[in-house]
Amino acid sequence: FVLAMVLSGYFRGTRARWGIVLLGILLVGDLIHANSPWVVYYDYKAKYATNPVIDVLRAKPWENRVSAPQFLSSPQAPYFPAICNEWLQQHFQYYRIQSLDVSQMPREPVDHKEYMALFNEASRMPRLWELTNTRYLLGMSGFADVLNEQLDPVKKRFRVHTAFEFTQSADGAIGVVVKSDGKFAIIEFTGALPRTKLYSNWQVSTNDEAALAMLVKPEFDPAQTVLVGDEVPAPDASAQAGRDAGTVEITNYKSTRVVISAEADSSGVLLLNDRYDANWTVSVDGQQEKVLRCNYLMKGVYLKPGPHTVVFQFDPPVKALYVSIAGLCSGLLICGFLLAFPRSSSSANQ
């Protein structure tokens, strides 16, 4: 009916605006009617409500990562992976909890793919968790002993941090209660590297294949030595093996800016266990320095002895933004031209 009125010329001239309004109302009303069966409404306060597990993980989340490996679940609890995935998609994002597990990565970078391919064997998983600062694992509580026996029989660095059980309310909401004999647990891996560390010993390996191969060798100890993928000065001859070059502390952490306070007793390489990207910059005491590629996938910077303030800043190129702004301005200019110079009456009659 509305289209018939439009085609008949009823909305010609001053009535045109009412025709536009009517078509807009019809469009919105039809979309609401068509999509209402698939719209689900949530109470966001209940949806993102915290629980004892989330409380543990969100305390200074920049200091540790968390992971929920599938092999730490059990067929007797098929719902557990689904709950962990729900936390990964919702609660981890909301509370800024950092996870080794990736919720969405439609185009996986080559370096990330090659790095993760190194650890496709279960026996290498402790090395992955060590290198990536993954301190907490979500799984069945009984797997802590299994991990110590099968994956870490010498150092036995796995322990139950918090055991818990799931509850379900009358309306179907899933809750968490802490229980000493709980079937599920936050398993702590005490061997994970800190998020930032200052090394007095390092090895330069500019060959990516050689660096990847070195990372998984049993004789390589990431707690004592860091691999650097760029040319840097050699370690001090007086540096003691196994001794840190000083102390470091993250004083401010955001997704695009990390501030670190460092006290270097000797020359060293500061490792920040966050992913390397060419768009990151680093300054030491206000002076721009080179961002080093460390342990193949992480970033760092070379420091001289003394106190330092280190700032890592994500600074992506803005050329694409300029193109978008230019296109938007061009569209506005064209609209302004059309409004300022309306069609003549003769052309309108034609």
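Residues numbered from 1 in each chain as written. Predicted model: local features only at pLDDT ≥ 70, side-chain atom pairs only at ≥ 80, totals over all residues. Heavy atoms only, no water.

**Student:** What's the story with the nonpolar core in this structure? I'm lost.
**Tutor:** Most often, soluble globular proteins have nonpolar side chains that are buried together. If you look at the biggest cluster of nonpolar residues, it comprises 37 residues, and the most contacted ones within it are Tyr115, Phe119, Trp129 and Val226. At the level of elements, helix H7 (125–131), helix H8 (143–150), strand E5 (184–189), helix H9 (208–215), strand E8 (226–228), strand E11 (268–275) and strand E14 (292–294) are the ones that each hand at least two residues to this core. Sorting elements by how many residues they give to this core places H7 first, with 4 residues. Setting aside anything within four residues of it in sequence, one finds Phe119 in contact with Arg124, Met125, Arg127, Leu128, Leu131 and Val216. Core analysis: the next-biggest nonpolar cluster, separate from the first, contains 21 residues, Val66, Ile97, Val176 and Phe184 among them. (Core = buried A, V, L, I, M, F, W, Y, C linked by side-chain atoms within 4.5 Å. Buried < 20%, exposed > 50% of the residue type's maximum accessible area, 1.4 Å probe, protein only. Helix = DSSP H or I, 4+ residues; strand = E, 2+ residues; numbered from the N terminus. Contact = heavy atoms within 4.5 Å.)

**Student:** Explanation requested: the packing of aromatic side chains in the structure shown.
**Tutor:** Two aromatic rings are characterised by how far apart their centres lie and by the angle between their planes. In this structure the tally under the stated criterion is 20 aromatic pairs. An angle of 25° between the planes, with centres 6.4 Å apart, marks the rings of Phe71 and Trp129 as stacked. On the criterion of sequence distance, the pair formed by Phe71 in the loop between strand E1 (65–67) and helix H5 (80–94) and Trp129 in helix H7 is long-range, its members being 58 residues apart. Overall, Trp129 belongs to the buried group, its relative accessible area being 0%. Judged by centre distance (6.1 Å) and plane angle (80°), the ring pair of Tyr79 and Phe166 falls under edge-to-face. In this pair, Tyr79 is assigned in the loop between E1 and H5 and Phe166 in strand E3 (residues 158–168), connecting sequence segments 87 residues apart. By relative accessible area, Phe166 is classed as buried at 16%. Connected via pairs of aromatic rings, a cluster forms that spans Tyr79, Phe80, Trp87, Phe164, Phe166 and Phe184. One residue, Lys197, lies across the ring of Tyr199, its end atom 5.2 Å from the ring centre. (Phe/Tyr/Trp six-rings, centres within 6.5 Å; stacked < 30°, edge-to-face > 60°. Lys NZ or Arg CZ within 6 Å of the ring centre and 35° of its normal.)

**Student:** Looking at this structure, I do not really get the side chain of Thr225. What am I missing?
**Tutor:** Inspection of the secondary structure puts Thr225 in the loop between H9 and E8. The buried category is assigned to Thr225, whose relative accessible area is 15%. Setting aside residues no more than four positions away along its own chain, Thr225 makes contact with Tyr199, Asn201, Trp202, Gln203 and Phe220.

**Student:** What exactly am I supposed to notice about a nonpolar patch on the surface here?
**Tutor:** A cluster of nonpolar side chains, Leu3, Val6, Leu23 and Leu26, forms an exposed patch at the surface whose accessible area comes to about 350 Å². Mapped onto the secondary structure, Val6 falls in helix H1 (residues 2–7). (Patch = residues over 30% accessible without salt bridge, like charges linked within 9 Å, V, L, I, M, F, W, Y side chains within 5 Å. Areas by Shrake-Rupley, 256 points an atom, 1.4 Å probe, with all protein chains shown as cover. Salt bridge = Lys/Arg side-chain N within 4 Å of Asp/Glu carboxyl O.)

**Student:** How do you make sense of H9 when you look at a structure like this?
**Tutor:** A turn of α-helix holds 3.6 residues, and therefore any two residues three or four places apart point the same way. Inspection of H9 places Ala211, Leu212 and Leu215 among the buried residues, and these make up the whole buried set. Taken around the axis of H9, the buried residues stretch over an arc of 100°, which confines them to a single face. (Arc of directions from axis to C-beta.)

**Student:** So what exactly am I meant to see when it comes to the sheet that holds E5 here?
**Tutor:** Strand-to-strand pairing in sheets goes through backbone hydrogen bonds, with the strands running parallel or antiparallel. Taken in spatial order, the 5 strands of this open sheet run E1-E2-E5-E3-E4, and their pairing is mixed. Strands with a single pairing partner mark the edges of an open sheet, and in this sheet they are E1 and strand E4 (174–178). With strand direction ignored, the average angle separating the axes of adjacent strands in the sheet is 30°. In the sheet, E3 pairs with E5 via 6 bridges, with the strands oriented antiparallel. Paired with Thr162 across the bridge in E5 is Ile186. Of the strands in this sheet, E1, strand E2 (134–140), E3, E4 and E5 are in contact with H5, which crosses E2 at around 140°. Helix-sheet contacts for H8 involve E2, E3 and E5, and the interaxial angle to E3 is about 150°. (Pairing = 2+ DSSP bridges. Axes fitted to C-alpha atoms, helices over the stretch in contact; angles between N-to-C directions.)

**Student:** Honestly, the pattern of salt bridges in this entry has me stumped. Any pointers?
**Tutor:** Between side chains of opposite charge, pairing is possible as soon as their charged atoms come close. The full count for this structure, using the stated rule, is 11 salt bridges. Among the ionic pairs, Glu86 bridges to Lys47, the shortest N-O distance being 2.6 Å. With Glu86 in helix H5 and Lys47 in helix H3 (residues 44–47), this pair connects stretches of sequence that are 39 residues apart. For the salt bridge of Glu188 with Arg159, the shortest nitrogen-to-oxygen distance reads 2.4 Å. With a gap of 29 residues between them, Glu188 in strand E5 and Arg159 in strand E3 connect regions that are remote in the sequence. A relative accessible area of 42% means that Arg159 is categorised as partly exposed.

**Student:** How should I be thinking about the pairing of strand E16 (residues 306–314) in this particular structure?
**Tutor:** Regular strands place side chains that alternate from one sheet face to the opposite one. As defined by bridge partners, strand E10 (residues 257–264) adjoins E16 across 8 bridges and the pair is classed as antiparallel. Looking at E16, one finds that Ser261 is bridged to Thr309. Pairing of strand E12 (residues 280–284) with E16, which is carried by 5 bridges, proceeds in the antiparallel orientation. Note on E16: the bridge partner recorded for Val284 is Val310.

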